[in-house]
Amino acid sequence: MAGISGYIPDYKITVGGEDLRLGFNADILSLSLTDNCNSADSFTFSLRERHPESGRFAGGAKLKWFDSDTFREGGEVTIELGFRGAKMQKFKGVITSVSLSFPETGMPTLTVQGRSLYDRLLNQCETLSFENKTDSDMAKKIAETRKLGARVQETSTKYPLVSSGNDTYAAFLQKRAERIGYELVVKENTLHFELPAYLRGAGPELTLEWGLDLLSFSPTLSTYRKVTHVKVRAAQTSLGRGKEPIEGTADPGAERGKLGKKSASQIAEEINGKNEQVVDDHLATTQEEAELLAKAKLEASSIEFISGRGTCDGNPKLSARTVVAIKGVGETFSGHYYVTSATHTIDGSGYRTSFEVKRNGR
């Protein structure tokens, strides 16, 4: 985002409904917010401890913040981060860790860490059984059970009987999502169960160019054991007697949402020849479903073709689960990437964003 360095970094932290900026005499030293896909988001902030009596050093006496109820474990936290008038990064979660540091010199510091409401899916819960339901139906039900809103992309295949078993709801839904190429995340109060943005044909949200707003970038390309063909076979137990076996296939170039002119599977086949992955899936009951599962397997392999890490000037528009364009890093590595993680940090050095990306072609 050109000219963004002229903006003023800003944030708002609310703990237990109390705004840390309003009448809260604390020195926030740093704030870091990490936005992920397929896992929990997290935050960390540090503040300088204070003695309740003005001018005194907190040398073993009662500590103002740590001994108060403000930062108790399990407390609800909301964070908005970005620039003044444009705090686009938003987070809701709970405190999971608090720690104190008493240095040899200087004032003690309190560090508060927490995770998003994705953790509601990690608690071991009662087993749920789903009869004649789709994967999207299952996601909606679990969201309701865990008191979350739901943003779910509809699926069509209904399954006779599926149980969550002894898995956590997160593990159960992640397996369902991975099987069909979906992602599972919780953003603020809402569970998202949908295709990644790059598979939905989304274009780049922003452009980063090395030497301008892209401060550093380290990409890695690997064709090691890259899958070129996928075959999904319906297990015979799912078919009636006398029915033809169902097989779904995905050949090189079948990836949806290519982030390059030539896909990873096509490049890998040219270099190493055919490398077929054969999967037996006892739930697949139709040719259409088997083809979908084969594509999902091929895409899961291809998106690991190029991975990279980078840092840029602080940019609240840079979020996980979005597509970005990276320029100025050579013909092979310039192009569109899918952001899998973004960490926004505001401290004494200013505002910066570090990120991780992946790409399924070049």
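Per an unreviewed UniProt entry, the recorded name for the chain is Phage late control D family protein, and the organism is Trichloromonas acetexigens.

## Some thoughts on the pairing of strand 1 (residues 9-15)
The sheet contact formed by strand 1 and strand 5 (residues 76-83) spans 7 bridges and is antiparallel. Bridged to Val15 within strand 5 is Val77. Connecting the antiparallel pair strand 1 and strand 2 (residues 18-19) is a turn made up of 2 residues, with Gly16 showing a positive phi of about 60 degrees.

## Description of unusual backbone geometry
For Arg225, which is not a glycine, the phi torsion comes out positive at approximately 55 degrees. The residue Arg225 is located in the loop between strand 14 (214-221) and strand 15 (229-234) in this model. Classification of Arg225 as exposed rests on a relative accessible area of 67%. In the Ramachandran plot, Arg321 falls in the positive-phi region, its phi being about 70 degrees despite a non-glycine side chain.

## Notes on a negative patch on the surface
Together, Glu247, Asp251, Glu269 and Glu276 make up a region of like negative charge exposed at the surface. By secondary structure assignment, the location of Asp251 is in the loop between strand 16 (247-250) and helix 3 (264-272).

## Looking at the nonpolar core
Among the nonpolar cores identified, the biggest contains 47 residues, and Leu121, Ile142, Leu173, Leu191 and Phe193 are the most heavily contacted of them. Ranked by residues supplied to this core, first place goes to helix 2 (residues 169-180) with 6 residues. Among the nonpolar cores identified, the runner-up in size contains 20 residues, and Leu31, Val77, Phe91 and Ile346 belong to it.

## Remarks on the environment of Asp135
Mapping Asp135 onto the fold places it in helix 1 (residues 135-145). For Asp135, the contacting residues outside a window of four places in its chain are Thr155, Thr157, Tyr159, Arg176, Arg179, Ile180 and Phe193. One polar contact links Asp135 to Arg176, side chain to side chain, over a distance of 2.6 Å.

Each value, and the rule that gives it
Residues numbered from 1 in each chain as written. Predicted model: local features only at pLDDT ≥ 70, side-chain atom pairs only at ≥ 80, totals over all residues. Heavy atoms only, no water. Pairing = 2+ DSSP bridges. Helix = DSSP H or I, 4+ residues; strand = E, 2+ residues; numbered from the N terminus. Buried < 20%, exposed > 50% of the residue type's maximum accessible area, 1.4 Å probe, protein only. Patch = residues over 30% accessible without salt bridge, like charges linked within 9 Å, V, L, I, M, F, W, Y side chains within 5 Å. Areas by Shrake-Rupley, 256 points an atom, 1.4 Å probe, with all protein chains shown as cover. Salt bridge = Lys/Arg side-chain N within 4 Å of Asp/Glu carboxyl O. Lys, Arg positive; Asp, Glu negative; His and termini not counted. Charge placed at Lys NZ, Arg CZ, Asp CG, Glu CD. Core = buried A, V, L, I, M, F, W, Y, C linked by side-chain atoms within 4.5 Å. Contact = heavy atoms within 4.5 Å. Polar contact = N/O pair within 3.5 Å; in protein donor to acceptor, adjacent residues only side chain to side chain.

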